[in-house]
Amino acid sequence: MAPSAQPLPTSVSDEKYANVKWEELGFGFVRTDNMYVAKCNYGESFQEGKIVPFADLQISPCAAVLNYGQGLYEGLKAYRTEDGRVILFRPDQNGLRLQSGADRLCMPYPSVDQFVSAIKQVVLANKKWIPPPGKGALYLRPILFGSGPILGSLPVPEFNFTVFACPVGRYHKDNSGLNLKIEDKARRAFSSGTGGVKSITNYCPVWITMIEAKKQGFSDVLFLDAETGKNVEELFAANVFMVKGNVVSTPVLTGTILAGVTRKCVIELASDFGYKVEERVVPVEDFIDAEEVFCTGTAAIVTSIASVTYKDKKTGFKNGEGTLASKLFETLVNIQTGRVEDKKGWTVEI
Ligand code: COI
């Protein structure tokens, strides 16, 4: 049975917290109260959707997403501030990225205003799930997919834009720095493929590589480019940076690397701190020769990399206090959580 609409809370005050052990919050699915759903037929535009109780979605077994992988997702966070406000971090950037991904995967998409409005509605409709200040964030997961049945020929008749939310803590448990495997066989993304967009098809194909690396004791995998196998690209779900002297480098976006929102912020912040920031091809030997390396992402925020292992050779890096990663982490989280004034205009109060 289709879920029915329910009234939307209009204020974030006088709320109670959900029954969650906030201290133990990890990065896993937690069922919250409400979600947003909008649908759109082929040839039409997305209209305003509605908030409904969180429930399973009903779609045809022949849906485009289930049979042909026509789907995208986004990830962004809402934080509760110490003075009782609720703020989002750069939701417009996710809305824009969703649009470019939808173009690539032949789907209609919500306007940025509709996208941001949906996000705000989901936060307000799940306000008791926003962790207390300092205990994590409410992670918003917008998904856009072909929900209509398609067997052989286009067009896909129906599309679905849904947003749900889960309270989350840290994504990587290794606060003392990640131990990465640089993967020298499996590849994540190919030139003119979908590596540069947040297609759902980018993730599962490399789970096998992640699972194998985790069995070997690594925290995550760093992938190399598919064409030459010589240049670093990104982790399973995070962008990567290296620091050498006063220069910060990150792999240039060539279509195979996701244009991370946190990546964009870090480029700006590192440059504010006086570093020369280069977006360039980063050969693996150059990367291994860095003083400090770290990764960035909505889930990962800014996480230090303590070591990388490439072809069985392990290299360690500067890590912990006094690193650029720790300064970037603190600066970013202070802005995201409203602990300092946001001079960048990155936060949006709900
Ligand atoms: C995010 O950082 O939002 C991601 O999409 C990564 C995901 C694996 C949690």
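Residues numbered from 1 in each chain as written. Predicted model: local features only at pLDDT ≥ 70, side-chain atom pairs only at ≥ 80, totals over all residues.

## Digging into the domain arrangement of the protein chain
Okay, step 1: Assigned domains of the protein chain: these are domain 1 (22–168) and domain 2 (178–337).
Okay, step 2: Distance between the C-alpha centres of domain 1 and domain 2: 25 Å.
Okay, step 3: If you look at the interface, domain 1 gives 21 residues, while domain 2 gives 12 residues.
Okay, step 4: Contributing elements (two or more residues each) for the side of domain 1 that touches domain 2: strand 3 (71–73), strand 4 (76–80) and helix 2 (91–104).
Okay, step 5: Looking at the side of domain 1 that touches domain 2, the element that brings in the most residues is helix 2, giving six residues.
Okay, step 6: Each residue belonging to the side of domain 1 that touches domain 2 can be placed in one class, and the counts come to eight nonpolar, eight polar and five charged. (Domains from an automatic or database assignment. Contact = placed C-beta atoms within 7 Å. Helix = DSSP H or I, 4+ residues; strand = E, 2+ residues; numbered from the N terminus. Nonpolar A, V, L, I, M, F, W, Y, C, P; charged D, E, K, R; others polar.)

## A word on the site of the ligand
Okay, step 1: Around the ligand sit Gly 75, Ala 237, Gly 297, Thr 298 and Ala 299, and that is every residue in its neighbourhood.
Okay, step 2: Classifying every residue of the shell around the ligand gives two nonpolar, three polar and no charged. (Near = placed C-beta within 6 Å.)

## Examining unusual backbone geometry
In most cases, non-glycine residues show a negative phi, while peptide bonds are predominantly trans.
Okay, step 1: Cis geometry marks the peptide bond from Leu 154 to Pro 155; its omega dihedral reads 10°.
Okay, step 2: Note on placement: Pro 155 falls in the loop between strand 6 (137–146) and strand 7 (158–168).
Okay, step 3: Positive phi outside glycine occurs at Arg 90, with the angle close to 45°.
Okay, step 4: Mapped onto the elements of the fold, Arg 90 is located in the loop between strand 5 (86–89) and helix 2.
Okay, step 5: Judged by the 22 C-beta atoms lying within 10 Å of it, Arg 90 is buried.
Okay, step 6: In this structure, Cys 106 takes a positive phi of about 60° despite not being glycine. (Buried ≥ 20, exposed ≤ 12 C-beta atoms within 10 Å, placed from the backbone.)

## Some details on the packing of helix 5 (residues 261–272) against helix 7 (residues 324–336)
Between two packed helices, both the angle of their axes relative to each other and the distance between the axes serve to describe the pair.
Okay, step 1: Axis separation between helix 5 and helix 7 bottoms out at 11 Å; the angle between their running directions is 110°. Comparing the axis directions of helix 5 and helix 7 gives the class roughly perpendicular. Judged by the twist between their axes, the crossing of helix 5 over helix 7 is right-handed. Touching Cys 265, Val 266, Leu 269 and Ala 270 of helix 5 are Leu 324, Leu 328, Thr 331 and Leu 332, all from helix 7.
Okay, step 2: Taken together, the residues that form the contact of helix 5 with helix 7 break down as seven nonpolar, one polar and no charged. (Axes fitted to C-alpha atoms, helices over the stretch in contact; angles between N-to-C directions. Parallel < 35°, antiparallel > 145°, perpendicular 65-115°, else oblique. Left-handed = near helix turned anticlockwise from the far one by under 90°.)

## Side note on the packing of helix 2 against helix 3 (residues 112–125)
Okay, step 1: Where helix 2 contacts helix 3, the two axes come as close as 9 Å, and the packing angle between them is 125°. Accordingly, the angle class assigned to the pair helix 2 and helix 3 is oblique. The two elements helix 2 and helix 3 meet at a crossing, and its hand is right-handed. Listed contacts from helix 3 to Pro 91, Asp 92, Gly 95, Leu 96 and Leu 98 of helix 2 are Val 112, Phe 115, Val 116 and Ile 119.
Okay, step 2: When its residues are assigned to classes, the contact of helix 2 with helix 3 shows seven nonpolar, one polar and one charged.

## So, the UniProt feature "modified residue: N6-(pyridoxal phosphate)lysine" (unreviewed entry) in the protein chain
Okay, step 1: Taking the UniProt record as the reference, the feature "modified residue: N6-(pyridoxal phosphate)lysine" (unreviewed entry) is found at Lys 198.
Okay, step 2: Positionally, Lys 198 belongs in the loop between strand 8 (178–183) and helix 4 (207–215).
Okay, step 3: The class of Lys 198 is buried, set by 26 C-beta atoms lying within 10 Å.
Okay, step 4: Beyond its immediate sequence surroundings of up to four residues, Lys 198 is in contact with Leu 72, Tyr 73, Glu 74, Arg 97, Gly 101 and Leu 258. (UniProt positions renumbered as here; feature names shortened; annotations may be inferred.)

## Considerations on helix 2
Okay, step 1: Between its terminal C-alpha atoms helix 2 stretches 20 Å, which fits the 20 Å expected from 14 residues at 1.5 Å a residue.
Okay, step 2: Within helix 2, burial applies to Pro 91, Asn 94, Gly 95, Arg 97, Leu 98, Gly 101 and Ala 102. Taken end-on, helix 2 shows its buried residues confined to a sector of 165°, consistent with a single buried face. (Expected span 1.5 Å × (residues − 1). Arc of directions from axis to C-beta.)

## Some words on the pairing of strand 4
Okay, step 1: Most of strand 4 sits inside the fold, with five of its five residues counted as buried.
Okay, step 2: Neither face of strand 4 is left uncovered, since the one carrying Leu 76, Ala 78 and Arg 80 and the one carrying Lys 77 and Tyr 79 both have all their residues buried.
Okay, step 3: Pairing of strand 4 with strand 6 involves three bridges; the strand directions are antiparallel. If you follow Leu 76 over to strand 6, its bridge partner there is Leu 140.
Okay, step 4: Across three bridges, the pairing between strand 4 and strand 5 is antiparallel. Within strand 5, the residue paired with Arg 80 across the bridge is Val 86.
Okay, step 5: Once strand 4 ends, the chain turns through five residues before running back antiparallel as strand 5, passing Gly 84 with a positive phi of about 85°. (Pairing = 2+ DSSP bridges.)

## Some details on the pairing of strand 15 (residues 301–310)
Sheet faces and side chains relate simply in a regular strand, where the side chains alternate between the two faces.
Okay, step 1: Two strands pair when backbone bridges link them, and strand 8 and strand 15 are joined in this way by five bridges, in the parallel orientation. Across the sheet, Leu 178 pairs through a bridge with Ile 305, a residue of strand 15.
Okay, step 2: Sheet topology places strand 14 (residues 292–297) next to strand 15; five bridges connect them, and they run antiparallel. The residue of strand 15 that forms the bridge with Val 293 is Ile 305.
Okay, step 3: Between strand 14 and strand 15, which follow one another and run antiparallel, lie three residues.

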